[in-house]
Amino acid sequence: MIRFLTAGESHGKALTALVEGFPSNLKIENEYINFHLKRRQMGYGRGQRMKIETDTAEILSGIRFQKTLGTPISLLVKNRDWDNWVEKMTSDKRKAKVEKITIPRPGHADLVGISKYNFNDIRNSIERSSARETAARVAACSIARRFLEEFGISIGSFVESIGGIFPKKNYSEKLFNNDLPKNFTGWSLSELSDKSDVRVLEKEHELKIINKIKTAKKRGDTLGGTFYTVATGLPVGLGSFIQYDTKLDAEIAQSIMSINAVKAVSIGTGYEAAEKFGSESHDEIIKTKEGFSRKTNRAGGIEGGTSTGLPIIVKAAMKPIATLMSPIESVDLATMKSVDARRERSDFVAVPACAVIAESMLAWSIAKFFLDKFGGNSIEETKDNYRNYIKKLNNRIKSNFKNKR
Ligand SMILES: Cc1cc2nc3c(=O)[nH]c(=O)nc-3n(C[C@H](O)[C@H](O)[C@H](O)COP(=O)(O)O)c2cc1C
């Protein structure tokens, strides 16, 4: 059983992550974690903060000579702007007058935060509800992503739309039709989308989106969007239909929905499937040399809470950023009068980054169910278990049904 926890405030000294349960001898280099941390910071429409900081993770424990020890891994992502925040965020006695924040932003966690935790300063709730926390998640989940690579499981993403601007070509159709090149991998999608400032797959689409973001910026407004996250190379049989919490689709939905500002998650054709006939919706089973496959992949790689072996296709929708430079109405809690919501340094759009975080969370969910199935205290043991299962799977099916023919 793998698990992770993160700690740290947005403008605190550092974020930390504690990761447990991975087998020993998994190779992981510091640069690998930093590479994905950097990807989380990309994207046209991000705020000033992304320019101040380039996140890097320091490994404090659990890894020796670039290999996991099977012990808890702790990671530290320093706040490079900490010197400017010491007075406001110190855990020590308050030494200077620090202005309290009293105007909650609609769409953020400000009002619910002070209500629930009985604070008299919204700063106390902003700090942890901020998506800065996802830097620690990306660092933690890169261990999962690296682990999955050992088994040929690859994860990538692309942005489908921002502010309602969709591409000419419907890329998801290709995924659902299982109309993919032989060497297609999840990561190949990110190799393409990472080249774009908004992580889309077409230049013309990128330009249209950038124009829309410029319009939003001029209006002091923000935008959201939709994105796809795809995992390839999974074996049949991760997850199960036995209990609500053993279903792979349920686990993935929880993981992706836990990302700040994500408001919808679907697997496969999702909402569209509800409008179709069954015959247009399900994936016909075919016999292949290796075993079985499907003509299409509208199910998005999961049936009965269990991986089918086809790519896992997850779509998610991110709402527009809550902090507006031309704010909407709120109430000043100090005067109880109607005022404009508070402005502060903020992103205009963060959909490209959100997709990278979704890759990380998807990696985590798959690794969790993978290790649940194959176990092992060392990576060598996990590989033995995995190979044994794959080798015998199709023969078992054949021999189990032999006498029924
Ligand atoms: C990568 C990323 C960056 C974000 N940046 C901001 C931001 O700069 N300003 C802001 O108001 N919200 C930002 N958000 C969204 C808020 O974190 C989120 O709306 C808030 O935590 C409330 O949670 P909820 O939207 O899930 O209800 C960001 C989200 C993500 C995923």
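Residues numbered from 1 in each chain as written. Predicted model: local features only at pLDDT ≥ 70, side-chain atom pairs only at ≥ 80, totals over all residues. Heavy atoms only, no water.

### Quick look at the overall build of the chain
Moving on, step 1. Scanning the chain from N- to C-terminus turns up 13 helices and 16 strands.
Moving on, step 2. Rg of the C-alpha trace for the chain: 23 Å, near the compact-globule value of 22 Å for 405 residues, within the 12% margin.
Moving on, step 3. Across the 405 residues of the chain, 51% fall into the buried class.
Moving on, step 4. Taking the intrachain contacts of the chain between residues at least 6 apart in sequence as the baseline, contacts between residues at least 24 apart amount to 73%.
Moving on, step 5. Within the structure as shown, the chain displays about 20,700 Å² of accessible surface, and the carbon and sulfur contribution to it stands at 52%.
Moving on, step 6. Here the chain contributes 65 positively and 48 negatively charged side chains, and the mean placements of these two sets differ by 2 Å. (Helix = DSSP H or I, 4+ residues; strand = E, 2+ residues; numbered from the N terminus. Rg over C-alpha atoms; globule rule 2.2 N^0.38 Å. Buried < 20%, exposed > 50% of the residue type's maximum accessible area, 1.4 Å probe, protein only. Contact = heavy atoms within 4.5 Å. Areas by Shrake-Rupley, 256 points an atom, 1.4 Å probe, with all protein chains shown as cover. Lys, Arg positive; Asp, Glu negative; His and termini not counted. Charge placed at Lys NZ, Arg CZ, Asp CG, Glu CD.)

### Quick word on the sheet that holds strand S9 (residues 262-267)
Moving on, step 1. Taken in spatial order, the 4 strands line up as S7-S8-S14-S9 in an open sheet, and their pairing is antiparallel. Only two strands of the sheet have a single neighbouring strand rather than two, namely strand S7 (154-162) and S9. Averaged over all adjacent pairs, the angle separating strand axes in this sheet is 20°, with direction ignored.
Moving on, step 2. The pairing of strand S8 (residues 225-232) with strand S14 (residues 312-318) spans 7 bridges and is antiparallel. Opposite Val230, over in S14, you have Ile313 as the bridge partner. (Pairing = 2+ DSSP bridges. Axes fitted to C-alpha atoms, helices over the stretch in contact; angles between N-to-C directions.)

### Details of the site of the ligand
Moving on, step 1. Neighbouring the ligand are 18 residues; Ser129, Lys319, Thr323, Ser346 and Asp347 lie closest to it.
Moving on, step 2. At a separation of 3.0 Å, an oxygen atom of the ligand approaches a polar backbone atom of Ala261.
Moving on, step 3. At 2.8 Å from an oxygen atom of the ligand is found a side-chain nitrogen or oxygen belonging to Lys319.
Moving on, step 4. Taken by itself the ligand offers 630 Å² of open surface, and the protein chains cover 86% of this.
Moving on, step 5. With respect to the detected pockets, the ligand is housed in the largest pocket. (Near = heavy atom within 4 Å. Polar contact = N/O pair within 3.5 Å; in protein donor to acceptor, adjacent residues only side chain to side chain. 1 Å grid on protein atoms, 1.4 Å probe; cavity = no way out; pocket = protein on both sides within 12 Å on 5 of 7 lines; lining within 4 Å. Sits in = over half its atoms within 2 Å of the grid points.)

### Thoughts on the pairing of S8
Moving on, step 1. Judged by how many residues are buried, S8 sits mostly within the fold: 8 of 8 residues are covered.
Moving on, step 2. In terms of strand pairing, S7 meets S8 through 8 bridges, oriented antiparallel. Looking at the pairing, Ser154 lines up with Thr232 of S8.

### Brief notes about the nonpolar core
Moving on, step 1. Membership of the largest hydrophobic core comes to 78 residues, with the highest contact counts inside it found for Phe22, Phe147 and Ile256.
Moving on, step 2. With 15 residues, the top contributor of residues to this core is helix H12 (residues 351-374).
Moving on, step 3. Ranked by size, the runner-up nonpolar core spans 10 residues in total, among them Phe158, Leu175, Phe176 and Leu201. (Core = buried A, V, L, I, M, F, W, Y, C linked by side-chain atoms within 4.5 Å.)

### Regarding empty space enclosed by the protein
Left-over empty space is what a probe sized like a water molecule reveals as it rolls over the atoms.
Moving on, step 1. Inspection of every chain in the model, using the stated rule, returns 1 cavity of 30 Å³ or more.
Moving on, step 2. Of the pockets and cavities examined, the largest cavity occupies roughly 30 Å³.
Moving on, step 3. For the lining of the largest cavity, the residue count by class is 6 nonpolar, 1 polar and 2 charged. (Points joined across faces, edges and corners; volume = space filled by probe spheres on them. Nonpolar A, V, L, I, M, F, W, Y, C, P; charged D, E, K, R; others polar.)

### Let's talk about the environment of Glu206
Moving on, step 1. Examined against the element boundaries, Glu206 turns out to sit in helix H9 (residues 203-219).
Moving on, step 2. The class for Glu206 is buried, based on a relative accessible area of 5%.
Moving on, step 3. Each C-alpha atom, one on Glu206 and one on Phe166, is 9.8 Å from the other, the two residues being 40 residues apart in sequence.
Moving on, step 4. If we skip the residues at most four places from it in the chain, Glu206 touches Ser196, Asp197, Val198 and Val200.

### Things to note about the pattern of salt bridges
Moving on, step 1. Under the defined criterion, the tally for this structure stands at 30 salt bridges.
Moving on, step 2. One salt bridge in this structure joins Arg132 and Asp55, with 3.0 Å as the shortest N-O distance. Residue Arg132 is located in the loop between helix H5 (123-129) and helix H6 (133-149), and its partner Asp55 is located in the loop between helix H2 (49-52) and strand S3 (57-61); the two are separated by 77 residues in the primary sequence. The same class applies to Arg132 and to Asp55, which are both buried.
Moving on, step 3. Between Arg342 and Glu344 there is a salt bridge; the shortest N-O distance is 2.4 Å. Taken as a pair, Arg342 and Glu344 share a single burial class, namely buried. (Salt bridge = Lys/Arg side-chain N within 4 Å of Asp/Glu carboxyl O.)

### What about the state of the cysteines?
Moving on, step 1. The tally for this structure, following the rule as stated, stands at 0 disulfides.
Moving on, step 2. Note on Cys141: no disulfide assigned, nearest cysteine sulfur contributed by Cys354 at a separation of 13 Å. (Disulfide = S-S within 2.5 Å.)

### Remarks on the packing of aromatic side chains
Moving on, step 1. For the structure on display, the rule yields 16 aromatic pairs.
Moving on, step 2. For the pair Phe158 and Tyr171, a centre-to-centre distance of 6.2 Å together with 70° between the ring planes defines the contact as edge-to-face. Remark: Tyr171 occurs in helix H7 (residues 171-176) and Phe158 occurs in strand S7; sequence separation between them is 13 residues. In this structure, Phe158 and Tyr171 share a single accessibility class: buried.
Moving on, step 3. Here a set of aromatic residues connected by ring pairs shows up, and it is made of Phe4, Phe22, Phe147, Phe151, Trp364, Phe370, Phe374, Tyr386 and Tyr389.
Moving on, step 4. Stacked on the ring of Phe292, the Lys or Arg Lys287 has its end atom at 5.3 Å from the ring centre.
Moving on, step 5. The side chain of Lys373 reaches across the aromatic face of Tyr389, ending 4.1 Å from its centre. (Phe/Tyr/Trp six-rings, centres within 6.5 Å; stacked < 30°, edge-to-face > 60°. Lys NZ or Arg CZ within 6 Å of the ring centre and 35° of its normal.)

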